[in-house]
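# Observations on the model geometry
Read off the chains here:
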Amino acid sequence: MMEVKMSLQEMYYIAEMIVGVAVIISIVFVAVELRQNTYMMRKSQGDQRRQHFNWLYDTLITDENFRQFHQRIDNSYDTMSDDEKFRSHALGVRNLRLMLDELVAYFDGNLSEDEFLLLRHTMEINAIRPNIRSAWDFVKPGYSQKVQRYWENLG
């Protein structure tokens, strides 16, 4: 029988190669996990957007009082009572924060270009609504200068 002898230095080099391969495998695993996490975050944001707009449109369809109130925001905001303006402001804050949070996600690279096209269209439509303009003054300090500039350039 042939006896194989390895020096300590040879064992060290073999162990170093094994550790190197393990590090590479770990990096690949982290990259895959990060990609999956990004996908899930994007999907979650899209689901939240759809859920919100589904709520809005379902309520517009099924609740005549809300539908009339929503139409009055656009058509006769100046003649609304203080209570109605407060309600419309709260609705505006709810809608605007959703849009601005997605704008932040877009700037952070967490929203696809296709998703951004829909968001931009939605923001352009909403930027002229009086309750959204009222809400902007309220939520503006909570967003970065980049988001503020983008929003203010819409109108």
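These figures come from a predicted structure and were not determined experimentally.

A few words now on the layout of surface pockets. By volume, the largest pocket amounts to about 230 Å³. Around the largest pocket, the lining is made up of 13 residues, and of these F53, L56, Y57, I125 and N126 lie nearest the centre. Counting residues per element, the ones that place at least two in the lining of the largest pocket are α1 (8–62), α2 (64–75) and α4 (113–126). Among the elements that make up the lining of the largest pocket, the one with the highest residue count is α4 (five residues). Its residues assigned to classes, the lining of the largest pocket shows six nonpolar, five polar and two charged.

With respect to the secondary-structure elements, V32 resides in helix α1. According to the relative accessible area criterion, V32 is partly exposed, its value standing at 42%. Along the chain, V32 and M6 lie 26 residues apart, while their C-alpha atoms are 38 Å from each other.

What follows concerns the packing of aromatic side chains. If you walk through the whole model with that rule in mind, you get eight aromatic pairs. A ring pair is formed by F66 and F69, whose centres lie 6.4 Å apart and whose planes are at 45°; its orientation type is tilted. Of this pair, F66 and F69 both sit in helix α2, three residues apart, which is roughly one turn of that helix. Cluster of aromatic residues (ring-pair linked, three or more members): Y106, F107, F116 and Y150. The aromatic ring of F69 is capped on one face by R87, whose charged end is 4.1 Å from the ring centroid. We note R94 situated over the ring of W55; from NZ or CZ to the ring centre the distance is 4.0 Å.

Okay, the packing of helix α3 (residues 82–107) against helix α6 (residues 145–154) next. Between α3 and α6, the least distance of the axes is 10 Å, while the angle of their chain directions is 120°. One element, α3, and the other, α6, form an angle in the oblique class. Judged by the twist between their axes, the crossing of α3 over α6 is right-handed. Each of L96, M99, L100, L103, V104 and F107 in α3 lies in contact with α6, whose residues at this interface are K146, V147, Y150 and W151. Tallied by class, the residues present in the contact of α3 with α6 amount to nine nonpolar, no polar and one charged.

The residue R149 is located in helix α6 in this model. Separated by 74 residues in the primary sequence, R149 and N75 have C-alpha atoms spaced 28 Å apart.

Where nonpolar side chains cluster on the molecular surface, the patch consists of M6, L8, M11, I14, M17 and I18 and spans about 630 Å² of accessible area. With respect to the helices and strands, L8 occurs in helix α1.

A word on the nonpolar core. Core analysis: the largest hydrophobic core is formed by 18 residues, its most contacted members being L96, L100 and W151. Counting only elements with at least two residues in this core, the list comes to α3, α4, α5 (130–139) and α6. Setting aside anything within four residues of it in sequence, one finds W151 in contact with L96, M99, L100, M123, A127, I132 and W136. Of all hydrophobic cores here, the second largest spans ten residues; its members include L60, F66, F69 and M80.

The rules behind each value
- Residues numbered from 1 in each chain as written.
- Predicted model: local features only at pLDDT ≥ 70, side-chain atom pairs only at ≥ 80, totals over all residues.
- Heavy atoms only, no water.
- 1 Å grid on protein atoms, 1.4 Å probe; cavity = no way out; pocket = protein on both sides within 12 Å on 5 of 7 lines; lining within 4 Å.
- Points joined across faces, edges and corners; volume = space filled by probe spheres on them.
- Helix = DSSP H or I, 4+ residues; strand = E, 2+ residues; numbered from the N terminus.
- Nonpolar A, V, L, I, M, F, W, Y, C, P; charged D, E, K, R; others polar.
- Buried < 20%, exposed > 50% of the residue type's maximum accessible area, 1.4 Å probe, protein only.
- Phe/Tyr/Trp six-rings, centres within 6.5 Å; stacked < 30°, edge-to-face > 60°.
- Lys NZ or Arg CZ within 6 Å of the ring centre and 35° of its normal.
- Axes fitted to C-alpha atoms, helices over the stretch in contact; angles between N-to-C directions.
- Parallel < 35°, antiparallel > 145°, perpendicular 65-115°, else oblique.
- Left-handed = near helix turned anticlockwise from the far one by under 90°.
- Contact = heavy atoms within 4.5 Å.
- Patch = residues over 30% accessible without salt bridge, like charges linked within 9 Å, V, L, I, M, F, W, Y side chains within 5 Å.
- Areas by Shrake-Rupley, 256 points an atom, 1.4 Å probe, with all protein chains shown as cover.
- Salt bridge = Lys/Arg side-chain N within 4 Å of Asp/Glu carboxyl O.
- Core = buried A, V, L, I, M, F, W, Y, C linked by side-chain atoms within 4.5 Å.

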